[in-house]
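Chain by chain, the residues:
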Amino acid sequence: HKYYETSPEDFTRRCKKVNGIRHQNHIKCSCSESFQFVRLYTLLLDDTGSMYSCGAGNAGCLGHGDTESQMHFLRISSFDEGSIRIRQMSAGVDMSMAVSTQGHVFAWGRTDGGRIGLGRWRGEVTVPRRVFIHDEHEQEIAAVDVECG
């Protein structure tokens, strides 16, 4: 298998091989966009529903419980601890979101302006937290997709 990441120095978004992840078929990749002085990071999703992240740890966007940057892909362990399998994910400038196979939305990273749906106006969340979505009758809605702007 070949695994690729976007190189932040390469404006044309050419890819380079990523070493260090073996024995999994990675089916989805999402790369953050650069904005002003915010550095880039990458999310990977494998065929078992596990997520990995590496790059700049802006506001906890990697989901590892801190704001440290990672040079190599690390599995986001909080999903494994809760036996949560992911089917879709998105990397924003400094926030990340994912949808589980049950349709539950998870978010982490910068919360400014309430932008990740956790009811926090300022600050950061460094591990994935569930976002509850309800209709007008207060019935929970299952999500199928997320996209971070």
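Since the structure is predicted, the reported quantities are computational estimates derived from the model, not experimental observations.

How should the sheet that holds strand E7 (residues 86-91) be read in this particular structure?
The pairing of strands in a sheet happens through backbone hydrogen bonds and is either parallel or antiparallel. In spatial order, the strands read E7-E8-E9-E10; together these four strands make up an open sheet with antiparallel pairing. Because the sheet does not close on itself, it has two edges, and the strands there are E7 and strand E10 (124-131). The mean angle between the axes of side-by-side strands here comes to 15°, regardless of whether they run parallel or antiparallel. Bridge count between E7 and strand E8 (residues 95-100): five bridges; the pairing is antiparallel. Opposite Ser-90, over in E8, you have Met-97 as the bridge partner.

Whenever I open this one, the environment of Ser-69 confuses me. Can you help?
Following the sequence through the fold, Ser-69 ends up in the loop between strand E5 (51-55) and strand E6 (70-75). What makes Ser-69 partly exposed here is its relative accessible area of 34%. Each C-alpha atom, one on Ser-69 and one on Tyr-41, is 8.7 Å from the other, the two residues being 28 residues apart in sequence. Discounting chain neighbours no more than four positions away, the residues touching Ser-69 are Arg-39, Gly-55, Ala-56, Gly-57 and Leu-62. Reaching out from Ser-69, the side chain makes a polar contact with the backbone nitrogen of Gly-57 at a distance of 3.2 Å.

How should the confidence of the model for the chain be read in this particular structure?
The predicted coordinates should not be examined in detail at positions where pLDDT is low. Of all residues in the chain, 80% attain a pLDDT of 70 or more, and the chain-wide mean is 84. A low-confidence stretch, residues 1-15 (pLDDT under 50), is modelled with 29 contacts involving residues beyond four sequence positions or located in other chains.

How should the environment of Tyr-41 be read in this particular structure?
Positionally, Tyr-41 belongs in strand E4 (residues 41-46). A relative accessible area of 2% places Tyr-41 in the buried class. Separated by 2.9 Å, the side chains of Tyr-41 and Ser-96 make a polar contact.

For this particular structure, what's the right way to read the state of the cysteines?
One pass over the structure, following the stated rule, counts zero disulfides. The thiol of Cys-54 is unpaired, and the distance to the nearest cysteine sulfur, on Cys-31, comes to 8.7 Å. For Cys-54, a relative accessible area of 3% corresponds to the buried category.

Explanation requested: the pattern of salt bridges in the structure shown.
Charged atoms that come close allow side chains of opposite charge to pair. With the rule as written, the count across this model stands at five salt bridges. Linking Asp-94 and Arg-110 is a salt bridge whose minimum nitrogen-to-oxygen distance equals 2.9 Å. Of this pair, Asp-94 sits in the loop between E7 and E8 while Arg-110 sits in strand E9 (residues 105-110), and the two are 16 residues apart along the sequence. Assessed through its relative accessible area of 26%, Arg-110 is described here as partly exposed. With its nearest N and O atoms 3.3 Å apart, the salt bridge here joins Arg-115 to Asp-94. You can see Arg-115 sitting in the loop between E9 and E10 and its partner Asp-94 sitting in the loop between E7 and E8, a full 21 residues away along the chain.

Thresholds, definitions, all that
Residues numbered from 1 in each chain as written. Predicted model: local features only at pLDDT ≥ 70, side-chain atom pairs only at ≥ 80, totals over all residues. Heavy atoms only, no water. Pairing = 2+ DSSP bridges. Helix = DSSP H or I, 4+ residues; strand = E, 2+ residues; numbered from the N terminus. Axes fitted to C-alpha atoms, helices over the stretch in contact; angles between N-to-C directions. Buried < 20%, exposed > 50% of the residue type's maximum accessible area, 1.4 Å probe, protein only. Contact = heavy atoms within 4.5 Å. Polar contact = N/O pair within 3.5 Å; in protein donor to acceptor, adjacent residues only side chain to side chain. pLDDT = per-residue confidence, 0-100. Disulfide = S-S within 2.5 Å. Salt bridge = Lys/Arg side-chain N within 4 Å of Asp/Glu carboxyl O.

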